[in-house]
Amino acid sequence: MTTKQTSLFETAKEIVIETPIRHVAVIMDGNRRWAKKHNFIKTVGHDNGRKTFKNIVKHSAKLKLHCLTTYAFSTENWGRDPDEVKFLMGLLVESLKNEIKELCENNIRLRFIGRRDRLNKDVVKKMENAENSTAENTGLILQIAIDYGSRYEITYALRQITQKVQNGELSINDIDENLIGSCLYTSTVPDPDLIIRTGGEYRLSNYLLWQAAYSELYITDTFWPDFLENEFDMAIIDFSKRHRRWGKD
């Protein structure tokens, strides 16, 4: 790490410790465009994206963030080429097989958010084993969004609430923002303070729509495989310069 990078890291770490930034969410975009730019096949882009993911997770733990949430596979991604989807799922299984020990060494707790009913049962079992293996860790909470779509998440939450109303467990007057929030996948962590999107697109792409109500956004043209720790630090430093008014002034 260069002197400049070290300085950025120390500044970002100070900001995380001294300001209320607890949760960073990331839309990891640009793997395929990175591959195309370098004349590689798509899978090479995804594989290099995995390396970046691993580095950013460890870096977030060093910064002592409370939570990092990453968008790995959306509900819409099922529409991609079947071979690409198969590769992505294989990449997930391989990572679960090889990285759990290192997550524990870094005191990182792993959670998955999103649908599980459409995933291969063996994949789900490995996900659950990984969650159980890291459940006692007390450092960074790493949430990986797999088969995740915010509209489905909200719809599913409303179904749960409606069922409880029908069963007489709740009344209509019990329904408020806190109740809805408690039924979301992310109910145990604070809403993201900062959402980073790589790849230069200016949209949330069905990601944490409810939770992002007052999140600060940081967009970079850098494709995900090239997104280094120093740019992550730059995003946090940029966040520290924002004045979060929460609609009050």
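Each residue is numbered by its place in its chain's sequence as written, counting from 1. In view of the model being predicted, local features appear only for residues whose pLDDT reaches at least 70, and side-chain atom pairs are presented and counted only at 80 or more, with totals across whole chains, interfaces and linings using the full set of residues. Note: side-chain values were computed over all heavy atoms of the structure, leaving out hydrogens and water.

A. Representation of the side chain of Gln143 in the model. Within the secondary structure layout, Gln143 lies in strand 4 (residues 141–148). A distance of 2.8 Å separates polar atoms of two side chains, one belonging to Gln143 and the other to Thr69. Those residues within four positions of Gln143 in sequence are excluded, and the remaining contacts are His23, Cys67, Leu68, Thr69, Thr70, Arg111, Ile113, Thr186 and Val189. A helix here means a DSSP run of H or I that spans at least four residues, while a strand means a run of E at least two residues long, and both kinds are numbered starting from the N terminus. Within 3.5 Å is the distance limit for a polar contact, defined as a pair of N or O atoms, with the added protein rule that one can donate a hydrogen and the other accept it, and that residues adjacent in sequence qualify only through two side-chain atoms. Contact criterion: two residues are considered in contact whenever any of their non-hydrogen atoms come within 4.5 Å of each other.

B. Molecular detail of the environment of Lys58. As for its placement among the helices and strands, Lys58 is situated in helix 3 (residues 42–63). Accessibility here uses a 1.4 Å probe with only protein chains present; expressed as a share of the type maximum, an area under 20% marks a residue as buried, one over 50% as exposed, and anything in between as partly exposed. You can call Lys58 partly exposed: its relative accessible area is 27%. For the pair Lys58 and Asn106, spaced 48 residues apart in the sequence, the C-alpha separation amounts to 7.5 Å. Discounting chain neighbours no more than four positions away, the residues touching Lys58 are Glu102 and Asn106. A polar atom in the side chain of Lys58 sits 3.4 Å from the side chain of Glu102.

C. The pairing of strand 2 (residues 67–74), seen in detail. Burial within strand 2 is extensive, with 7 of its 8 residues counted as buried. A pair of strands is labelled paired if DSSP reports no fewer than 2 bridges between them. Strand direction decides the pairing type here: strand 1 (residues 23–27) and strand 2, joined by 5 bridges, are parallel. Bridge pairing in strand 2 links Ile27 to Tyr71.

D. A look at the layout of surface pockets. Of the grid points, spaced at 1 Å and generated over the protein atoms alone, those admitting a 1.4 Å probe that cannot get out make up cavities, while open sets with protein on both sides within 12 Å along at least five of seven lines make up pockets; any residue with an atom within 4 Å of a point is treated as lining. Grid points are joined across faces, edges and corners, and a volume is the space filled by probe spheres set on the points. In this structure, the largest pocket spans a volume of roughly 1100 Å³. Forming the boundary of the largest pocket are 43 residues, of which Met28, Asn31, Tyr71, Ala72 and Phe73 lie nearest the centre. Elements with a contribution of two residues or more to the lining of the largest pocket: helix 2 (31–37), helix 3, strand 2, helix 4 (82–105) and strand 4. Classes in brief: Ala, Val, Leu, Ile, Met, Phe, Trp, Tyr, Cys and Pro nonpolar; Asp, Glu, Lys and Arg charged; the others, Gly included, polar. When its residues are assigned to classes, the lining of the largest pocket shows 20 nonpolar, 10 polar and 13 charged. Glu177, Asp191, Trp210, Gln211 and Ala213 are, among the 19 residues lining the second largest pocket, the residues nearest its centre. Grouping the constituent residues of the lining of the second largest pocket by class yields 8 nonpolar, 7 polar and 4 charged.

E. Examining the side chain of Thr220 more closely. Mapped onto the elements, Thr220 comes out in the loop between strand 6 (216–219) and helix 8 (229–240). The buried category is assigned to Thr220, whose relative accessible area is 7%. Residues in contact with Thr220, not counting those within four places in the same chain, are Arg197, Thr198, Gly199, Gly200, Phe227 and Glu231.

F. View of the packing of helix 3 against helix 4. The contact between helix 3 and helix 4 brings their axes to 11 Å, and the two run at 30 degrees. When the interaxial angle is binned, helix 3 and helix 4 end up roughly parallel. Here helix 3 and helix 4 pass one another in a crossing that is right-handed. Together, Lys42, Thr43, His46, Asp47, Arg50, Lys54, Val57 and Lys58 of helix 3 and Glu84, Phe87, Leu88, Leu91, Glu94, Ser95, Glu99, Glu102 and Leu103 of helix 4 make up the contact between the two elements. Considered class by class, the residues forming the contact of helix 3 with helix 4 number 5 nonpolar, 3 polar and 9 charged. Geometry is summarised by axes, namely lines fitted to C-alpha atoms with helices restricted to the contacting stretch, and by angles between N-to-C directions that run from 0 to 180 degrees. Roughly parallel means an angle under 35 degrees; roughly antiparallel means over 145; roughly perpendicular covers 65 to 115; every other angle is labelled oblique. In this scheme the handedness of a crossing depends on how the near helix is turned from the far one: anticlockwise by less than a right angle means left-handed, clockwise means right-handed.

G. Spotlight on the packing of aromatic side chains. Side-chain rings of Phe, Tyr and Trp, where Trp is taken by its six-membered ring, are said to pair if the distance between their centres is within 6.5 Å; with planes under 30 degrees apart they count as stacked, over 60 as edge-to-face, and otherwise as tilted. One pass over the structure, following the stated rule, counts 9 aromatic pairs. Here Tyr148 and Tyr207 contribute two aromatic rings whose centre-to-centre distance is 6.0 Å and whose plane-to-plane angle is 85 degrees, an arrangement assigned as edge-to-face. Here Tyr207 lies in the loop between strand 5 (194–197) and strand 6 and Tyr148 lies in strand 4, a separation of 59 residues in the sequence. The two residues Tyr148 and Tyr207 agree in class, both being buried. By definition here, charges over rings are those cases where NZ of Lys or CZ of Arg is within 6 Å of the ring centre and within 35 degrees of the ring normal. Lying across the ring of Tyr152, Arg115 places its NZ or CZ 4.2 Å from the centre.

H. Representation of the pairing of strand 3 (residues 109–113) in the model. Burial of strand 3 is extensive: 4 of the 5 residues sit out of reach of the surface. Sheet topology note: the strand 3/strand 4 ladder contains 5 bridges and is parallel. Note that in strand 4 the partner of Phe112 across the bridge is Ile144. By convention, a crossover is right-handed whenever its connection, traced from the first strand over the helix to the second and viewed with the strands pointing away, goes clockwise. Traced from strand 3 through helix 5 (residues 121–133) to strand 4, the parallel crossover comes out left-handed.

I. Spatial organisation of the environment of Lys64. Tracing the backbone shows Lys64 in the loop between helix 3 and strand 2. Taking the relative accessible area as the measure of exposure, Lys64 reaches 59% and is therefore exposed. Residues Lys64 and Val124, 60 residues apart in the sequence, show an inter-C-alpha distance of 29 Å.

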